[in-house]
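Summary of the model geometry
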Amino acid sequence: MIVRPPDRAALGEVLSLRAPPAKSVALRALEAAALAGGGEIGLGGPRPDDVRIFLEGLRRLGVPLHDDGGAVTVTGAATPPAGAVLLDAADGGAPARFL
């Protein structure tokens, strides 16, 4: 995963995180990219429910992202929603904690 904070990207500063694929690691990587305002996370393979739920929560919170099925790219800083947002973590304890 490469995370480029928007105000540092022009300076070429890059934070690169490498970790084995796992649900909890994927959620942390997605959270880091969302907070940094950009990044690409290679997820590959089928998505666990918790990851799908978390991605939907990020979208509802205004995080611009593109999911091509193999990687998720956070394309910029979040645009806060104008009003209240319903975040449904279903049975996912991890998405509930991170969202």
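Above this text sits the structure in question.
The following paragraphs examine the structure supplied in this document. (Residues numbered from 1 in each chain as written. Predicted model: local features only at pLDDT ≥ 70, side-chain atom pairs only at ≥ 80, totals over all residues. Heavy atoms only, no water.)

1. A word on the pattern of salt bridges
To keep it simple, the criterion reads: When a carboxyl oxygen of Asp or Glu lies within 4 Å of a side-chain nitrogen of Lys or Arg, that pair is called a salt bridge. Numbering of helices and strands runs from the N terminus; a helix is a DSSP stretch of H or I covering at least four residues, while a strand is a stretch of E covering at least two. Remark: exposure states derive from per-residue accessible area (1.4 Å probe, protein chains only) relative to the maximum for the residue type, with buried under 20%, exposed over 50%, and partly exposed in between.
Applying the stated criterion across every chain, the model contains four salt bridges. Between Lys 23 and Asp 50 there is a salt bridge, with the nearest N and O atoms lying 3.0 Å from each other. Note that Lys 23 is positioned in helix α2 (residues 23-36) and Asp 50 in helix α3 (residues 49-60), a separation of 27 residues in sequence. Take Asp 50: its relative accessible area is 12%, and that puts it in the buried class.

2. Thoughts on the pairing of strand β5 (residues 71-74)
Here is the rule: What makes two strands pair is DSSP finding at least two bridges between them.
As paired strands, strand β3 (residues 39-42) and β5 are joined by four bridges and run antiparallel to one another. Its bridge partner lying in β5, Glu 40 is registered against Thr 73. Strand direction decides the pairing type here: strand β4 (residues 65-67) and β5, joined by three bridges, are antiparallel. Bridging across to β5, His 66 finds its partner in Thr 73.

3. Quick look at α3
Under the convention used in this document: Take the residue count of a helix, subtract one, and multiply by 1.5 Å to get its expected span. The contact criterion used throughout is that any non-hydrogen atoms of two residues lie within 4.5 Å.
Along its twelve residues, α3 runs 17 Å from first to last C-alpha, staying within 8% of the 16 Å computed at 1.5 Å per residue. Within the span of α3, buried status applies to Asp 50, Val 51, Ile 53, Phe 54, Leu 55, Gly 57 and Leu 58. Residues of α3 that are buried sit in contact with α2, β4, β5 and α4 (93-98). The positive-phi residue at the C-terminal boundary of α3 is Gly 62, with phi of around 90 degrees.

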